[in-house]
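# Fold and geometry: a report
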Amino acid sequence: MKGTLPVLPGGMACGFVIEIPKYDLRIYHAGDTNMFSDMKIIDDLYKPDIAILPISDVQGMGPREAAHCAKNFLPGVKKFIPMGFGNIPGLTGKPEDFEAAYKEFGGKAEIIRPSAFYTGKALIESIVDDI
């Protein structure tokens, strides 16, 4: 079909846990991964405060899959940041769909919307103030 992105294989799960000792903060950046249950091991072992999850529906998870992972595999995370949406044509995932699905699954953590990145205050400082 003209104007659509090709279906790509999921590839290897690859993400990073970033620790910022100054703020006693751990961030899990999931990269362009899809759902995988070992995210629970990341939650148990590294105890991330923040998780950045792809919601593009093409490159990694869609909003519903990301919400499922957030609720079931990353229950210790206090804040989620959706990523990988709206930056190239064909990415259909939307932050509001992720947030709605997460709430539908019973998730309680805060969802940081993209507008939070433009408040004029450093993102890490604004997040740490609330954790």
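The model shown is predicted, which means the values in this text are computed figures rather than measured ones.

Core analysis: the biggest nonpolar cluster contains 21 residues, and Y28, L53, L74, F80 and F98 have the highest contact counts within it. Sorting the residues of this core by element identifies α1 (39–46), β3 (50–54), α2 (63–72) and α3 (95–104) as the ones contributing at least two each. Leaving out residues up to four positions away in the same chain, F98 has contacts with L53, I55, P63, A66, A67, A70, F80, P82 and I111. Membership of the second largest hydrophobic core comes to seven residues, among which are L25, I27, I50 and I52.

What follows deals with the packing of α2 against α3. For the pair α2 and α3, the least separation of the axes is 8 Å and the interaxial angle reads 45°. Relative to α3, the element α2 lies oblique. Two packed elements cross with a definite hand, and for α2 against α3 that hand is right-handed. Counting all contacts with α2, which are made through P63, R64, A66, A67, A70 and K71, the residues of α3 involved are D97, F98, A101, Y102 and E104. Taken together, the residues of the contact of α2 with α3 break down into seven nonpolar, no polar and four charged.

Time to look at the packing of aromatic side chains. Applying the stated rule across the entire model yields three aromatic pairs. Each ring, one from F80 and one from F98, has its centre 6.4 Å from the other, and the planes form 75°; the classification is edge-to-face. Of the two residues, F80 sits in strand β4 (residues 79–83) while F98 sits in helix α3, which places them 18 residues apart along the sequence. The same class applies to F80 and to F98, which are both buried.

It is worth spelling out the environment of V77 at this point. Its location among the elements puts V77 in the loop between α2 and β4. Exposure remark for V77: the relative accessible area of 4% places this residue in the buried category. In the structure, V77 is positioned 29 residues away from P48 in sequence and 5.8 Å away in space, judged by C-alpha atoms. When neighbours within four sequence positions are excluded, V77 is seen to be in contact with D43, P48, D49, I50, A51 and A109.

Calculation notes
- Residues numbered from 1 in each chain as written.
- Predicted model: local features only at pLDDT ≥ 70, side-chain atom pairs only at ≥ 80, totals over all residues.
- Heavy atoms only, no water.
- Core = buried A, V, L, I, M, F, W, Y, C linked by side-chain atoms within 4.5 Å.
- Buried < 20%, exposed > 50% of the residue type's maximum accessible area, 1.4 Å probe, protein only.
- Helix = DSSP H or I, 4+ residues; strand = E, 2+ residues; numbered from the N terminus.
- Contact = heavy atoms within 4.5 Å.
- Axes fitted to C-alpha atoms, helices over the stretch in contact; angles between N-to-C directions.
- Parallel < 35°, antiparallel > 145°, perpendicular 65-115°, else oblique.
- Left-handed = near helix turned anticlockwise from the far one by under 90°.
- Nonpolar A, V, L, I, M, F, W, Y, C, P; charged D, E, K, R; others polar.
- Phe/Tyr/Trp six-rings, centres within 6.5 Å; stacked < 30°, edge-to-face > 60°.

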